[in-house]
Amino acid sequence: MGVLVDETTRVMVQGITGKEGSFHARGCLAYGTNVVAGVTPGKGGTTFDEKVPVFNSVEEAVAETQANMSLIFVPPPFAPDAIAESADAGIPLIACITEGVPVQDMVKIYRYIQDKPTRLIGPNCPGLINPGAKCKIGIMPGAIHLPGRVGVLSRSGTLTYEAVGQLTALGLGQSSCVGIGGDPIIGTNFVDILRLFDADPETDAVVMIGEIGGTMEQDAAAFIKSDFSKPVAALVVGASAPPGKRMGHAGAIITGESARAEFKIAALRDSGAWIIPTPADIGTTAQEMLTSKGLVS
Amino acid sequence: MNIHEFQAKEVFSRYGIPVPKGIVATTPDEAKSATAELGGQSVVKAQIHAGGRGKSGGVQLVRSPEEASEVAQKMLGSSLVTPQTGPEGAPIERLLIEELADIKQELYVALTIDRGHRGPAMLVSTQGGMDIEEVASNNPEDIHTEPIDPLSGMMPFQTRRMVRQLGLDPSVASEAAKVLAGLYRVFVENDCSLVEINPLIITGDGRVMALDAKISLDDDSMFRHADLLEYRDISQEDPLESQASDLDIAYVNLDGDVGCLVNGAGLAMATLDVTNAAGAAPANFLDVGGGATPEKVSSAVKIILSDPKVKRVLINIFGGILRCDIAGEGIVLAYKETGSTTPLVVRMLGTNVAEGKEILGASGLPVVFVDTLTEAANAIKQLNS
């Protein structure tokens, strides 16, 4: 189990012949992920690393290989087209790693995929991993993960690795880790993934990592309070950020009171979530939470 | 990227949005002749990339060309401190000299991306000329928000609805609707993240006019807007921030003395928070990115070392894509080239971490190695004492 991806996931990599795409496609293959196809317009008919057939279009790749997920490494000017092409072909799950997609392109693509049978993760995200199923679809270092029962959910890349590293060091394995992306407009938000973790029998508890910008953490807090049945440990980073400055992620910018870390933390505290005091305490807070709930001894 | 008011008004003019007659001046003499040309009176407006100019003396009414020259003399070359600039202010290198406007009514109009409905939204209010954040918190009912479907664009019925919401006189309704529609085109065709007119005025003789203009552009869209890149004014940017942005390094200057170098934006924010929690203050946010070379890491370290506030350095690399040996080489290179003796705490994890530590260990740099974030915070604290 775990969420969204497992042994049955057949991955197609859009942009597999590029520098980033080829490097990370190899990483996914090495972890054990079932990478069945690559797509690069103009490079159809070739084979990637003597293992993965490359196609000119998503349509052909799906027809030939029954790929059911797309992992996108296409540069920003072309990423919206790559997302739309996969959605048009009926791919149910897309993870777009690309950072730097113009926001106004994303608002159109978000609307475009609404009437398609597609869930988009990202863009500007590390992807997702299900360690128990040996399924890594993204750019995270696979070796730090440990199969287990904690769901990890984050807007960030390296900070997710930090969280996973701290959990694994304490022997707390992960059911699934999902990086939803650091852009202001992303396909899937905290609440969407919390819903999946709630329904997943292999997930006992969730570690959620938010940051400044937007109000997605408040939405998550409202959902946790009313509808989420499992314990959540939450961290919000960016308390030291000055207003109006983009802190790396396009979405991490304080544009009003509600975008500040303290407001998000207050909402999450009110929801009953365990608040992780500083980023150094992710693992220990999760451990305390699991122990108090009798989920680890 | 922010642009100046006079540049935003140039853009508005291209889209048929009326703006007051105005002339850019860079010397007191130019301010004087501009005022003469505008009929002997004008408004002298400091061109800086920050709001709150009016309350801070950056917008002044002058009654003669001579007075314009005197005001310009004082403003040009000085720094204007507003609630939005920080204590050092922003340098005034240009003035916009504008004709006086006959203001009958002041409105507020803005377009931005609304994360809630994941599309553009237009905001209109009859409370023009006010601080809109204040209106939003005290009288939120005075602001009407119109969500726009990005696929159909802003429809005429929506502009009509907003004109009704503003309670405008029928004699100016069609002119106002045209301005709103033009503003939406400005927003979309230039990939803006924000367009704001505060105030949009109705004049005594029934014209609609943008008295102020603010445009922020989406940095990620600049690859298709070479023309707008020419509007960049680096005098308005923090020198270290603009140096970093030219190297494609995400950097934000802060007030403390701990220079921070991290890979990944989330981990970089987390590193600042941990530093603060340990009672130390970060000097900067810096995300060196995933695919960095030794040269890029070295440039990033040099930016940190060139900041006179920095008394100690914290490096936090979670090696995934960025290999620790590459980071190590880059750090050593920067210290060698600058001859710096600033002590540093290094936390490295992941790919090629042993090689990275060996390179740093053999370099003779004043380095303390740590393994966890907690240890990093403690080590930074101890460097202080």
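Residues numbered from 1 in each chain as written. Chains lettered and ligands numbered in written order. Predicted model: local features only at pLDDT ≥ 70, side-chain atom pairs only at ≥ 80, totals over all residues. Heavy atoms only, no water.

K.L.:
Before we move on, can you summarise the interface of chain B and chain A with the specific residues and values?
P.N.:
Facing 43 residues of chain B, the contacting portion of chain A comprises 53 residues. Between chain B and chain A lies a buried interface of about 3800 Å² when both sides are counted; carbon and sulfur atoms form 61% of it. It is Arg115, Arg118 and Met269 of chain B in chain B that bury the most area against chain A; as a group they hold 22% of the surface buried on that side. The tally of links from chain B across to chain A stands at five salt bridges. A salt bridge links Arg224 of chain B to Asp105 of chain A; its shortest N-O distance comes to 3.0 Å. Across the chain B-chain A interface, the total number found is 17 residue pairs in polar contact (both at pLDDT 80 or more). With 10 residues, the top contributor of residues to the side of chain B that touches chain A is helix 9 (residues 265-277) of chain B. Its residues assigned to classes, the side of chain B that touches chain A shows 22 nonpolar, nine polar and 12 charged. (Contact = heavy atoms within 4.5 Å. Buried area = accessible area lost by both parts, 1.4 Å probe. Salt bridge = Lys/Arg side-chain N within 4 Å of Asp/Glu carboxyl O. Polar contact = N/O pair within 3.5 Å; in protein donor to acceptor, adjacent residues only side chain to side chain. Helix = DSSP H or I, 4+ residues; strand = E, 2+ residues; numbered from the N terminus. Nonpolar A, V, L, I, M, F, W, Y, C, P; charged D, E, K, R; others polar.)

K.L.:
Residues and numbers for the packing of helix 3 (residues 79-88) of chain A against helix 4 (residues 103-114) of chain A, please.
P.N.:
Residue and element names in this part refer to chain A. Between helix 3 and helix 4, whose axes approach to 10 Å, the crossing angle comes to 0°. Between helix 3 and helix 4, the angle is such that the two are roughly parallel. Of the residues in helix 4, those in contact with Pro80, Ile83, Ala84, Ala87 and Asp88 of helix 3 are Asp105, Met106, Ile109, Tyr112 and Ile113. (Axes fitted to C-alpha atoms, helices over the stretch in contact; angles between N-to-C directions. Parallel < 35°, antiparallel > 145°, perpendicular 65-115°, else oblique.)

K.L.:
How would you sum up the sheet that holds strand 6 (residues 95-98) of chain B? Please name residues and give values.
P.N.:
All names here are of chain B. Judged by pairing direction, the sheet is antiparallel, and its four strands sit side by side in the order 1-6-2-3 without closing on themselves. Bordering the open sheet on either side are strand 1 (22-25) and strand 3 (59-62), each of which pairs with just one other strand. Going across the sheet, the axis of each strand differs from the next one's by a mean of 25°, ignoring polarity. Bridging between strand 2 (residues 42-46) and strand 6 involves four bridges; their strand directions are antiparallel. (Pairing = 2+ DSSP bridges.)

K.L.:
Provide a residue-level description of empty space enclosed by the protein, including the pertinent values.
P.N.:
Residue and element names in this part refer to chain A. Counted according to the given criterion, the structure contains two cavities of 30 Å³ or more. Estimates place the volume of the largest cavity at around 40 Å³. If you go around the largest cavity, the residues you meet are Pro126, Gly127, Ile129, Met140, His145, Thr160, Tyr161, Cys177, Val178 and Gly179. Elements supplying a minimum of two residues to the lining of the largest cavity: strand 8 (127-130), helix 5 (158-169) and strand 11 (174-179). In terms of residues, the lining of the largest cavity owes the most to one element, strand 11, which gives three residues. Residue composition of the lining of the largest cavity, grouped by class: six nonpolar, four polar and no charged. Roughly 30 Å³ of volume is contained in the second largest cavity. Together, Val101, Val103, Met106, Asp183, Pro184 and Ile185 line the second largest cavity. Looking at side-chain class alone, the lining of the second largest cavity contains five nonpolar, no polar and one charged residues. (1 Å grid on protein atoms, 1.4 Å probe; cavity = no way out; pocket = protein on both sides within 12 Å on 5 of 7 lines; lining within 4 Å. Points joined across faces, edges and corners; volume = space filled by probe spheres on them.)

K.L.:
Can you break down the sheet that holds strand 5 (residues 69-72) of chain A residue by residue, with the values?
P.N.:
Residues and elements named next belong to chain A. Taken in spatial order, the seven strands of this open sheet run 3-4-2-1-5-6-7, and their pairing is mixed. Where the open sheet ends on each side, the last strands, each with one partner, are strand 3 (47-48) and strand 7 (119-121). In this sheet, strand 5 lies alongside strand 1 (residues 11-14) in parallel orientation, the contact comprising four bridges. Each bridged residue has a counterpart across the sheet, and for Gln14 the counterpart in strand 5 is Ile72. In this fold helix 3 packs onto strand 1, strand 5, strand 6 (93-96) and strand 7, with an angle of close to 170° to the strand it touches most, strand 6.

K.L.:
Kindly report on the packing of aromatic side chains, identifying the contributing residues and their values.
P.N.:
All names here are of chain A. Applying the stated criterion across every chain, the model contains two aromatic pairs over all chains. Ring centres of Phe223 and Phe228 lie 6.3 Å apart, and the angle between their planes is 50°; this geometry places the pair in the tilted category. The pair Phe223 / Phe228 is uniform in exposure class, with both members buried. Sitting over the ring of Tyr112, Lys116 keeps its end group 4.1 Å from the ring centre. (Phe/Tyr/Trp six-rings, centres within 6.5 Å; stacked < 30°, edge-to-face > 60°. Buried < 20%, exposed > 50% of the residue type's maximum accessible area, 1.4 Å probe, protein only. Lys NZ or Arg CZ within 6 Å of the ring centre and 35° of its normal.)

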